[in-house]
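This is what each chain is made of:
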Amino acid sequence: MKISSKGEYALRALITLATNKNELMQIKDISSETLVSSQYLEHILLQLKSHGYVKSKRGVYGGYTLKEPPSRIVIGKVIRDLEGPLAPMSCVSVTAYEYCPLEDKNCLLKPLWALIRNTIAQLLDDTTLEDLVKGRICKN
């Protein structure tokens, strides 16, 4: 699993909207806060809208806002919706499993890939947008 710039920028946009207290934000303002170009951000916001994370209003006084409270937006779901499966290898993917011929030979790497998948999935599925905004993430 690799988080692309799209995934990171989507999370930045969601954080920006969450800290804006449900007021409509125009793309140019979100762009300024997230350091993402307005053109690319528009594409990302449309995807977030299609997945039900944000809503928009057109017009001079339009913009974007969160559709759900930050406490109901699970980061694992956002990443899966935008980036696809969390598994590092398709042979251990829950949602996009692909057979590997080494499975028949008792592959010794598969348990490692499964542990990585489970650890990442648990962390992301236990984290909400509210957790990010309130800094409730373990720091190393």
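Preceding block: the structure.
Report follows, based on the coordinates.

What counts as what
- Residues numbered from 1 in each chain as written.
- Predicted model: local features only at pLDDT ≥ 70, side-chain atom pairs only at ≥ 80, totals over all residues.
- Heavy atoms only, no water.
- Core = buried A, V, L, I, M, F, W, Y, C linked by side-chain atoms within 4.5 Å.
- Buried < 20%, exposed > 50% of the residue type's maximum accessible area, 1.4 Å probe, protein only.
- Helix = DSSP H or I, 4+ residues; strand = E, 2+ residues; numbered from the N terminus.
- Contact = heavy atoms within 4.5 Å.
- Pairing = 2+ DSSP bridges.
- Phe/Tyr/Trp six-rings, centres within 6.5 Å; stacked < 30°, edge-to-face > 60°.
- Salt bridge = Lys/Arg side-chain N within 4 Å of Asp/Glu carboxyl O.
- Polar contact = N/O pair within 3.5 Å; in protein donor to acceptor, adjacent residues only side chain to side chain.
- Arc of directions from axis to C-beta.

### Quick notes on the nonpolar core
Move 1: Within the largest apolar cluster, 27 residues are counted, with the highest numbers of intra-cluster contacts made by Leu14, Leu45 and Leu48.
Move 2: Every element with two or more residues in this core is listed here: helix H1 (5-18), helix H2 (27-34), helix H3 (38-50), strand E2 (63-66), helix H4 (75-83) and helix H5 (110-125).
Move 3: Per-element tally for this core: the top contributor is H1, with 6 residues.
Move 4: The contact partners of Leu45, leaving out residues within four places of it in the chain, are Ala13, Leu17, Ile27, Ile30, Val54 and Tyr64.

### Focus: the pairing of E2
Move 1: Along E2, one buried face is formed by Gly63 and Thr65 and the opposite face, lined by Tyr64 and Leu66, is buried too.
Move 2: When strand E1 (residues 54-57) meets E2, the two strands line up antiparallel, connected through 4 bridges. Bridge pairing in E2 places Lys55 opposite Thr65.
Move 3: Following E1, the chain reverses through 5 residues before pairing antiparallel with E2; Gly59 in that reversal takes a positive phi of roughly 110°.

### A closer look at the packing of aromatic side chains
Move 1: Per the stated rule, a full pass over the model turns up 1 aromatic pair.
Move 2: Judged by centre distance (5.7 Å) and plane angle (80°), the ring pair of Tyr9 and Tyr40 falls under edge-to-face. Residue Tyr9 is found in helix H1, and its partner Tyr40 is found in helix H3; the two are separated by 31 residues along the sequence.

### Side note on the pattern of salt bridges
Move 1: Scanning all chains against the criterion turns up 9 salt bridges.
Move 2: Note that Lys28 is salt-bridged to Asp29, the shortest N-O span being 3.5 Å.
Move 3: You can call Lys28 exposed: its relative accessible area is 52%.
Move 4: Notably, a salt bridge pairs Lys77 with Asp81, separated by 2.9 Å at the nearest N-O pair. A residue pair is termed a helical-turn pair when its members lie 3 or 4 positions apart in one helix, as Lys77 and Asp81 do in helix H4 at 4 residues.
Move 5: For Asp81, a relative accessible area of 25% gives the class partly exposed.

### Observations regarding the side chain of Ser93
Move 1: If you trace the backbone, Ser93 turns up in the loop between H4 and H5.
Move 2: Here the side chain of Ser93 touches Thr95 through a polar contact of 3.3 Å, landing on its backbone nitrogen.
Move 3: Within the structure, the side chain of Ser93 is placed 2.8 Å from the backbone nitrogen of Ala96, a separation counted as a polar contact.
Move 4: Among all residues touching Ser93, those that are not within four sequence positions of it are Pro85, Ala87 and Arg117.

### Quick look at H4
Move 1: Every buried residue of H4 is accounted for by Ile75, Gly76, Val78, Ile79 and Leu82. Looking straight down H4, one finds its buried side chains confined to an arc of 160°; they lie on one side.
Move 2: Those residues of H4 that are buried lie in contact with H1, H3, H5 and helix H6 (129-133).
Move 3: Just downstream of H4 lies Gly84, where phi reads positive at about 100°.

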